[in-house]
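In case you want the letters, here they are:
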Amino acid sequence: MLNLDEIRSHFPALASDTIYFDNPGGTQVAREVIQRTDRYLRSTNANHGGAFHTSMASDATVAEARQAVADFLNAARPEEIVFGPNMTTLTFSISRSLARTLHAGDEIVVTRLDHDGNVAPWLFIAEDRGCTIRWVDIHEEDCTLDLQDLERQITERTKIVAIGYASNAVGTINDVQRAVQLAHNVGALCFVDAVQYAPHRPIDVQALDCDFLACSAYKFFGPHLGILYGKYDLLDSLTAYKVRPAGDLPPDKFETGTQNFEGIAATLGAMEYFEWLGNTFGSEYAANYQGSFSGRALALKQAMAAIEVYEIELNHSLLESLGSIAGLQIRGITSPHGLHQRVPTFSFTLQGWTPRAIAEALAAEGINVWDGNFYALSVTERLGLEEQGGLLRVGLAHYNTQAEIDKLVDALGRLVQ
Ligand SMILES: Cc1ncc(COP(=O)(O)O)c(C=O)c1O
């Protein structure tokens, strides 16, 4: 069980009175992240591959961070982890390499539940290569992905299936395992956007058997850095758009230009935070993972298991509280039995209020929430909400508390009085 006081003491920003419910847009950072950034910039700041001490120390930190992220995602080897500026840029980059393998008439499957970072790159390469885009629809009533439609849209001509692990707009967790199987049945690749899943649940790329998976450290208590996992042989076989004489092997060939070394060091800090959390509060979940994981990898799994359990409690509490507010309509899963199938990201509309006006009213009370479409444009378009300013999004993380939920509900209650 998590001790919230101890957890929160790891986040300097949480010492203020602000209530951070803007987490899906970016979380606060753990002190381990700040310490790693500070240490990197003070004592090992140098470019890659030099014969001198600081460069070697910098390279060693990058190698350690890569191994830690490989443990976090359970990649088979650290070379399967590519660092870059953010998920969007990494996805555009790898999509350009994948485009070279496509031919006119090939098909790419995308979903209406996804952030545009996992849609637009595929639309562009489809246009470049004369491929067809097939859209998977959602069930409007609970914003879950229509799995029958997914099955329909995947055909013998499908080459790539792009799917989100969890929606940044409405919190739905998708059955990614099924999507991977369906893609592989027809010889297609599956690209998973795990940006909104990674802060909330354990990820195991080998168990999923996905071909690519992208996430962003700033969504899981780290710095602004993107991460792309790819199966080694695939990364090896693709052509990278890179300069000479940069390395020909993964991950070097995809890490173009000088990397954000302090961001990579800070990402190691985020892994250290999770490791601490897992060792301190997650040992009761060890039995679920023993035999498969040990050391840091086990601690990371324990951390995410403990976070998952706590966040499902938050899901129940937030759902119940929001349900008591007149005129408030949640978009997404609201059945108490389905709450394990969503991350604690709740979006809603409130009668008589635009999402922006609610966000401003809450900001005046020190409560940070997002409004709009959050770049999940096809969701707000599909729900017919784009013209009305989209949705109001309350996104929780494991450092949020029941007392904070109570303050939110109190503030919302006063708005509708
Ligand atoms: C689900 C999802 N995918 C992709 C992105 C884009 O991530 P990045 O900012 O790292 O490009 C976001 C950002 O909010 C997101 O929530």
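Residues numbered from 1 in each chain as written. Predicted model: local features only at pLDDT ≥ 70, side-chain atom pairs only at ≥ 80, totals over all residues. Heavy atoms only, no water.

## Topic: the site of the ligand
Alright, step 1. Residues in contact with the ligand, as listed here, are Asn86, Met87, Thr88, His115, Asn168, Asp193, Val195, Gln196, Ser216, Tyr218 and Lys219.
Alright, step 2. Residue Thr88 places a side-chain N or O atom 2.5 Å away from an oxygen atom belonging to the ligand.
Alright, step 3. Here Ser216 contributes a side-chain N or O atom positioned 2.5 Å from an oxygen atom of the ligand.
Alright, step 4. Protein contact buries 90% of the 390 Å² of open area that the ligand shows by itself.
Alright, step 5. Here the shell around the ligand is composed, by residue class, of three nonpolar, six polar and two charged. (Near = heavy atom within 4 Å. Polar contact = N/O pair within 3.5 Å; in protein donor to acceptor, adjacent residues only side chain to side chain. Areas by Shrake-Rupley, 256 points an atom, 1.4 Å probe, with all protein chains shown as cover. Nonpolar A, V, L, I, M, F, W, Y, C, P; charged D, E, K, R; others polar.)

## Here we look at the nonpolar core
Alright, step 1. By size, the foremost hydrophobic cluster in this structure holds 117 residues, and its most contacted members are Leu73, Leu213, Phe220, Phe274 and Leu412.
Alright, step 2. Per element, the largest residue contribution to this core is 13 residues, and it comes from helix H12 (residues 295–323).
Alright, step 3. A domain-level breakdown of this core finds at least three residues from each of domain 1 (4–30 + 301–415) and domain 2 (33–271).
Alright, step 4. Core analysis: the second largest hydrophobic core is formed by 26 residues, Cys131, Phe191, Leu228 and Ala240 among them. (Core = buried A, V, L, I, M, F, W, Y, C linked by side-chain atoms within 4.5 Å. Buried < 20%, exposed > 50% of the residue type's maximum accessible area, 1.4 Å probe, protein only. Helix = DSSP H or I, 4+ residues; strand = E, 2+ residues; numbered from the N terminus. Domains from an automatic or database assignment.)

## Regarding the packing of aromatic side chains
Alright, step 1. Counting across every chain of the model gives 17 aromatic pairs.
Alright, step 2. Between Phe11 and Phe221 the ring centres are 5.8 Å apart and the planes differ by 75 degrees, which places this aromatic pair in the edge-to-face class. On the criterion of sequence distance, the pair formed by Phe11 in the loop between helix H1 (4–9) and strand E1 (19–20) and Phe221 in the loop between strand E9 (212–216) and strand E10 (226–230) is long-range, its members being 210 residues apart.
Alright, step 3. Using a relative accessible area of 1% as the deciding quantity, one classes Phe221 as buried.
Alright, step 4. Arranged with centres 5.8 Å apart and planes meeting at 80 degrees, the rings of Phe221 and Phe274 form a pair that is edge-to-face. Remark: Phe274 occurs in helix H10 (residues 261–281) and Phe221 occurs in the loop between E9 and E10; sequence separation between them is 53 residues. (Phe/Tyr/Trp six-rings, centres within 6.5 Å; stacked < 30°, edge-to-face > 60°.)

## A closer look at the packing of helix H4 (residues 87–99) against helix H5 (residues 120–129)
Alright, step 1. Orientation of H4 relative to H5, taken along the N-to-C sense of each, is 25 degrees, at an axis distance of 9 Å. Of the possible angle classes, the one that applies to H4 and H5 is roughly parallel. Like other packed secondary-structure pairs, H4 and H5 cross with a definite hand, here right-handed. Of the residues in H5, those touching H4 at Thr91, Phe92, Ser95, Arg96, Leu98 and Ala99 are Ala120, Pro121, Trp122, Phe124, Ile125 and Arg129.
Alright, step 2. Here the residues of the contact of H4 with H5 sort into eight nonpolar, two polar and two charged. (Axes fitted to C-alpha atoms, helices over the stretch in contact; angles between N-to-C directions. Parallel < 35°, antiparallel > 145°, perpendicular 65-115°, else oblique. Left-handed = near helix turned anticlockwise from the far one by under 90°. Contact = heavy atoms within 4.5 Å.)

## Some details on H5
Alright, step 1. The complete set of buried residues in H5 reads Ala120, Pro121, Trp122, Ile125 and Ala126.
Alright, step 2. Phi turns positive one or two residues past the end of H5, at Gly130, with a value near 70 degrees.

## Examining the sheet that holds strand E8 (residues 189–193)
Alright, step 1. Spatial strand order, E2-E10-E9-E8-E7-E3-E4: seven strands in an open sheet with mixed pairing. Looking at which strands have only one partner, the edges of the open sheet turn out to be strand E2 (81–84) and strand E4 (132–136). On average, adjacent strands in this sheet sit at an angle of 20 degrees to one another, irrespective of strand direction.
Alright, step 2. Note: E8 against E9, three bridges, orientation parallel. Residue Asp193 lies in a different strand from E9, and its bridge partner there is Ala214. (Pairing = 2+ DSSP bridges.)

## A closer look at the pattern of salt bridges
Alright, step 1. This structure, assessed with the given rule, holds 21 salt bridges.
Alright, step 2. We note a salt bridge from Arg152 to Asp149, for which the minimum N-O separation is 3.2 Å. Remark: Asp149 and Arg152 occur in helix H6 (residues 147–153); sequence separation between them is three residues, near one turn of the helix.
Alright, step 3. The exposure class assigned to Arg152 is exposed, which follows from its relative accessible area of 53%. (Salt bridge = Lys/Arg side-chain N within 4 Å of Asp/Glu carboxyl O.)

## A short note on the domain arrangement of the protein chain
Alright, step 1. When its domains are assigned, the protein chain resolves into domain 1 (4–30 + 301–415) and domain 2 (33–271).
Alright, step 2. The tally of links from domain 1 across to domain 2 stands at three salt bridges.
Alright, step 3. The partner of Asp137 in a salt bridge is Arg382, with the nearest N and O atoms 2.7 Å apart.
Alright, step 4. Applying the counting criterion to the domain 1 and domain 2 interface returns 25 residue pairs in polar contact (both at pLDDT 80 or more).
Alright, step 5. Secondary structure elements with two or more residues in the side of domain 1 that touches domain 2: H12, strand E12 (345–350) and helix H14 (377–382).
Alright, step 6. The element best represented in the side of domain 1 that touches domain 2 is H12, accounting for seven residues.
Alright, step 7. When its residues are assigned to classes, the side of domain 1 that touches domain 2 shows 21 nonpolar, 11 polar and seven charged.

## Brief notes about the sheet that holds E12
Alright, step 1. Spatially, E11-E12-E15-E14 is the arrangement adopted by the four strands of the open sheet, whose pairing is antiparallel. For this open sheet the edge positions go to strand E11 (328–331) and strand E14 (370–372), each flanked by a neighbour on one side alone. Shown here is a sheet whose adjacent strand axes are inclined to one another by a mean of 35 degrees, direction ignored.
Alright, step 2. Across four bridges, the pairing between E12 and strand E15 (residues 391–395) is antiparallel. Within E15, the position partnered with Ser347 by the bridge is Arg393.

## Some details on the environment of Arg31
Alright, step 1. Along the chain, Arg31 turns up in helix H2 (residues 31–43).
Alright, step 2. Residue class for Arg31 comes out partly exposed when judged on its relative accessible area of 33%.
Alright, step 3. Residues Arg31 and His224 lie 193 residues apart in sequence; the distance between their C-alpha atoms is 15 Å.
Alright, step 4. Discounting chain neighbours no more than four positions away, the residues touching Arg31 are Ser9, His10 and Pro12.
Alright, step 5. At 3.1 Å, the side chain of Arg31 forms a polar contact with the backbone oxygen of Ser9.

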